Each structure stands twice: as structure tokens, then as C-alpha cells.
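# Structural description and commentary
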Amino acid sequence: MPNEQAGQRVRHGRSLALFFTIAFLVPISAAVFITVLEGRPEMTAIKKLSLPALMAIAAMVLAPAMAAVVGACRDEGLAGLKAMLRPLLHWRIRLRWYALSLFLFPATILITLFVLSLFVQELTPAFALTLLPLAGLFSTLCEEVGWTGYATPVVLKRTNPLKVGLILGTIEALWHLPADLWGSGAFHGSDFLTHFIFTSIAIVAFRVVAVRIYSRTQSLLLCWFAHAGFKCGQLLFVPHNISSQGTIIWQIAFMIAVGLIALVVVVRDKGLSHGVR
């Protein structure tokens, strides 16, 4: 039995490495492809989307889900795939978890924007009901199938939820780098590194909260809702025509807000820093 468990641990570790490899290689390849073909857009990528650009973005979006399918099937075949997706149907959960997952980040975004708008007029909340928030629903589902559906349960077997959130959050932030560099690198110019650092800290903080939700509910569905609120809330309410400087101001404020939420979660939930699930 110990030998069998050790073998399973090694196999899962190799599958996890394969997951990360595929998840990173696909967006890197897509970013290189579209950059060679069309160069980087002068403004943010969402303002200029050709067919090749859409194909590249689709590859980036699908990468975590594709990598998760490969990893799950390598571990346990079709049974592993079913086990990975089963938490997506886990919906019989207390209403407070639905409220937390659905409204925490949209409310945070709106409150942060309202406060900022008192000092920076261009950060007045907008309501951009376009295809982008709908696309965000799909992209966050693909991401959560990978980060929560596959990676989180594997890493949770090795360490506590807080460390899982910090580790996966850091990896997830780095995973966004190729898309960010292509999509908004020229727009931010010399401020790109600052933009990326602040965005990355917010992503890590979000992942700490997402792992907390998963460790308490075992629901991939709720983690998807939370991620959708985090991303689609920004696509809905943050003005799309703000300057690079205004974007940095927003990212600093949002990073602080999400960081405080993660800090409250860590302080209130001692199980995050221990093996308690």
C-alpha cells in the first residue's frame, strides 16, 4: 500500500508538471505567433481584434482547460476526467457561499471605483454591457477547470490551502504574462512592469480566496462564479477608455482592496494555514 501511494504521488506530480507545461506553452506559442504575424497592438488588444488575433486569444483562453483534460486523463483516464469535472455540478451549498462568490468582487470593484472617482474623474464607474463580459464568463470557466478543477486538489494533497493559494496564484499570474505582454504591452509602454506587478498581486490574492472557497465547499462551480465576478466585474464597470496612468491608479487600488480581502480570509480562517479542510 505505501509503495502504491508513493507511485500514485509520483504519477500525479508528473501529470501536474505536464499540466503546467501545456498551460504555459500554448499561450506563449499563441503570443509569438500573433506578434510575428501582426505585431503588438498600439492600444489594448480588445480595441483591435483580427481573425488571427481571435484565434490566438482562443488558444490562450482554452489552454488551462486543455492542460487539465490531458493531466486528468493521464492520471486516471476517463474516470479522472469525470472526477475533475464533478465539482462543477456541486451546487447544494449554503446561500452565503453563493452570495460571497457572486457578489464579493463585483461589489469590491464598484466601491473601489466610486472612491477613486472622487479624485480621478476618468475612473467613474461605467456599465459596458458588451460581448467582453460574456467572453469573460467562458474564459474564467476554462481557467477554473484548470486551476481549481485539476491543479488545486492535487496541490492540496501536498500542503495547506494558504500555500496552495500563494503557489497557484503566483503561477497563474505568470501564466497571464504572454497575453498581457502582447495585448497591452505597447499601451502601457515603460509602465508595463508596474502594471504587471500590481495585476499579479491582485491575482495571487484572488487565488487565496478561491482556494478558501474550494476547500470549504468542494465546489468548482462557486470558484467559477468568484473568478467571473473578479474578471467580468472589471470588464463591466471599469471604463475602457482610461489612460495608462489611470489604469495604474485603478490597479493599485484594486490590488489593495483584493489584498485586504485575502488578508481577512487568512486571519479569520485558521484552517487556511493548516491542513484543515
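Before reading further, recall that the structure is shown in the block above.
Here is a short report on the structure shown in this document. Remember, predicted model here, so these are calculated numbers, not experimental data.

Formed by 65 residues in total, the largest nonpolar core has its most connected members in Leu16, Phe19, Tyr150 and Trp250. Counting residues per element, the ones that place at least two in this core are helix 1 (2-38), helix 2 (51-85), helix 3 (95-117), helix 4 (131-156), helix 5 (161-175), helix 7 (192-217), helix 8 (220-237) and helix 9 (244-268). Aside from chain neighbours lying at most four places away, what touches leucine 16 is Tyr150, Ala151, Val154 and Val155. If you look at the next biggest cluster of nonpolar residues, it comprises 6 residues, including Ala30, Ala31, Ile34 and Ala56.

Before going further, it helps to spend a moment on the side chain of glutamate 143. With respect to the helices and strands, the residue glutamate 143 is situated in helix 4. Contacts of glutamate 143, omitting those with residues within four sequence positions, involve Pro64, Thr148, Glu172, Trp175, His176, His227 and Lys231.

A few words now on unusual backbone geometry. The backbone of glutamine 218 shows a phi angle near 60 degrees, a positive value even though the residue is not glycine. Mapped onto the elements, glutamine 218 comes out in the loop between helix 7 and helix 8. Residue glutamine 218 is classed as partly exposed on the basis of its relative accessible area of 32%.

Scoring rules and cut-offs
- Residues numbered from 1 in each chain as written.
- Predicted model: local features only at pLDDT ≥ 70, side-chain atom pairs only at ≥ 80, totals over all residues.
- Heavy atoms only, no water.
- Core = buried A, V, L, I, M, F, W, Y, C linked by side-chain atoms within 4.5 Å.
- Buried < 20%, exposed > 50% of the residue type's maximum accessible area, 1.4 Å probe, protein only.
- Helix = DSSP H or I, 4+ residues; strand = E, 2+ residues; numbered from the N terminus.
- Contact = heavy atoms within 4.5 Å.

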